[in-house]
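These are the residues of each chain, in order.
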Amino acid sequence: MQVISPLHRMPVYQETSHPLGAIELWPLDLRADVPVIYDWVTRPYAAYWGMTDKSLAAVMLEYSNLLASDHAMAFMGTVAGTRAFLCEVYDPAFDPIGRHYPVSRGDVGMHLLIAPAEAPIHGFTWAVFRAVMTFLFQNPAHKRVIVEPDVRNEKIHRLNRRAGFVYQKEVQLPHKTAALAFCTKRQFQTAKQKN
């Protein structure tokens, strides 16, 4: 169990009253968080993340470059004080996906990776997904969330649809065949009321 220390940074999002415990997003700390991320992304369950064969140095470089860019961010998510998920947020205009659809002002891309479960908790992934979407739409500049998961990743497709994403088409990216989907704030709010 990796408990995050609140002493050196502040969360950018907090949902303190959740039955699972506080759900928070923290700015990624390369030194503290990347070794944890490396453990996650190199496990078989994270195959769709595309880093199972990467070294710790390669994963560190990946996130160093991401944080150094001015068009992407990464956040470590915690549930009840324990590292539980990774969220990447990016501007689709600067990403390969932006070449496959007309990017609109207010579009924001999102990637989400849940930590490997020590023991499955019913509703855990949905709680995390809802928190991330709520966080993204708290920014008034974000009008629509874009996702582009691997077409074979059935688990994430079910979750995306549950959150209100509408699938548009399949696109060929350098590293995968992706399913392009979009979700507006209104679509997400409607979906939340149903779940």
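About the cut-offs
- Residues numbered from 1 in each chain as written.
- Predicted model: local features only at pLDDT ≥ 70, side-chain atom pairs only at ≥ 80, totals over all residues.
- Heavy atoms only, no water.
- Core = buried A, V, L, I, M, F, W, Y, C linked by side-chain atoms within 4.5 Å.
- Buried < 20%, exposed > 50% of the residue type's maximum accessible area, 1.4 Å probe, protein only.
- Helix = DSSP H or I, 4+ residues; strand = E, 2+ residues; numbered from the N terminus.
- Pairing = 2+ DSSP bridges.
- Phe/Tyr/Trp six-rings, centres within 6.5 Å; stacked < 30°, edge-to-face > 60°.
- Lys NZ or Arg CZ within 6 Å of the ring centre and 35° of its normal.
- Axes fitted to C-alpha atoms, helices over the stretch in contact; angles between N-to-C directions.
- Parallel < 35°, antiparallel > 145°, perpendicular 65-115°, else oblique.
- Left-handed = near helix turned anticlockwise from the far one by under 90°.
- Contact = heavy atoms within 4.5 Å.
- Nonpolar A, V, L, I, M, F, W, Y, C, P; charged D, E, K, R; others polar.
- pLDDT = per-residue confidence, 0-100.
- Polar contact = N/O pair within 3.5 Å; in protein donor to acceptor, adjacent residues only side chain to side chain.

J.: Quick rundown of the nonpolar core? Include the residues and the values.
T.: By size, the foremost hydrophobic cluster in this structure holds 33 residues, and its most contacted members are Phe 85, Met 110, Leu 112, Phe 129, Met 133 and Phe 165. Contributions of two or more residues to this core are made by β2 (23-27), β3 (72-79), β4 (82-90), β5 (107-114), α3 (124-138), β6 (144-147), α4 (154-162) and β8 (176-184). Broken down by element, the residue count for this core peaks at 11 residues, all from α3. Among the nonpolar cores identified, the runner-up in size contains 27 residues, and Val 34, Met 76, Leu 86 and Tyr 90 belong to it.

J.: I'd like a description of the pairing of β2, backed by residues and values.
T.: Summarising burial for β2: four of the five residues are buried, a large majority. Alignment of strand β1 (residues 13-15) against β2, held across three bridges, turns out to be antiparallel. Bridge pairing links Gln 14 to Glu 24 in β2.

J.: Account for the packing of aromatic side chains, with residues named and values stated.
T.: Per the stated rule, a full pass over the model turns up six aromatic pairs. Feature note: the residues Tyr 13, Phe 75 and Phe 135 constitute an aromatic cluster, connected by ring pairs. Above the face of the Tyr 167 ring, Arg 161 is positioned so that its terminal group lies 4.1 Å from the ring centre.

J.: Account for the packing of helix α1 (residues 30-41) against helix α2 (residues 56-68), with residues named and values stated.
T.: In contact at an axis separation of 9 Å, α1 and α2 are set at 125° when each is read in the N-to-C sense. On the basis of their axis angle, the class for α1 and α2 is oblique. The hand of the α1/α2 crossing is right-handed. Along its contact with α1, which presents Leu 30, Val 34, Pro 35, Ile 37, Tyr 38 and Val 41, the element α2 presents Leu 56, Val 59, Met 60, Tyr 63, Ser 64 and Leu 67. Looking at the contact of α1 with α2 residue by residue, the classes come out as 11 nonpolar, one polar and no charged.

J.: Tell me about the confidence of the model for the protein, and name the residues and values.
T.: When the pLDDT values of the protein are averaged, the result is 93; 96% of them are 70 or greater. Throughout residues 1-7 the model reports pLDDT below 50, and contacts reaching past four residues in sequence, or to other chains, amount to 18 contacts.

J.: Could you give an account of the side chain of Asp 107, naming the residues involved and the relevant values?
T.: Tracing the chain through its elements places Asp 107 in strand β5. Reaching out from Asp 107, the side chain makes a polar contact with the side chain of Tyr 101 at a distance of 2.8 Å. With sequence-adjacent residues up to four places away left out, Asp 107 is seen in contact with Pro 92, Tyr 101, Pro 102, Arg 144 and Ile 146.

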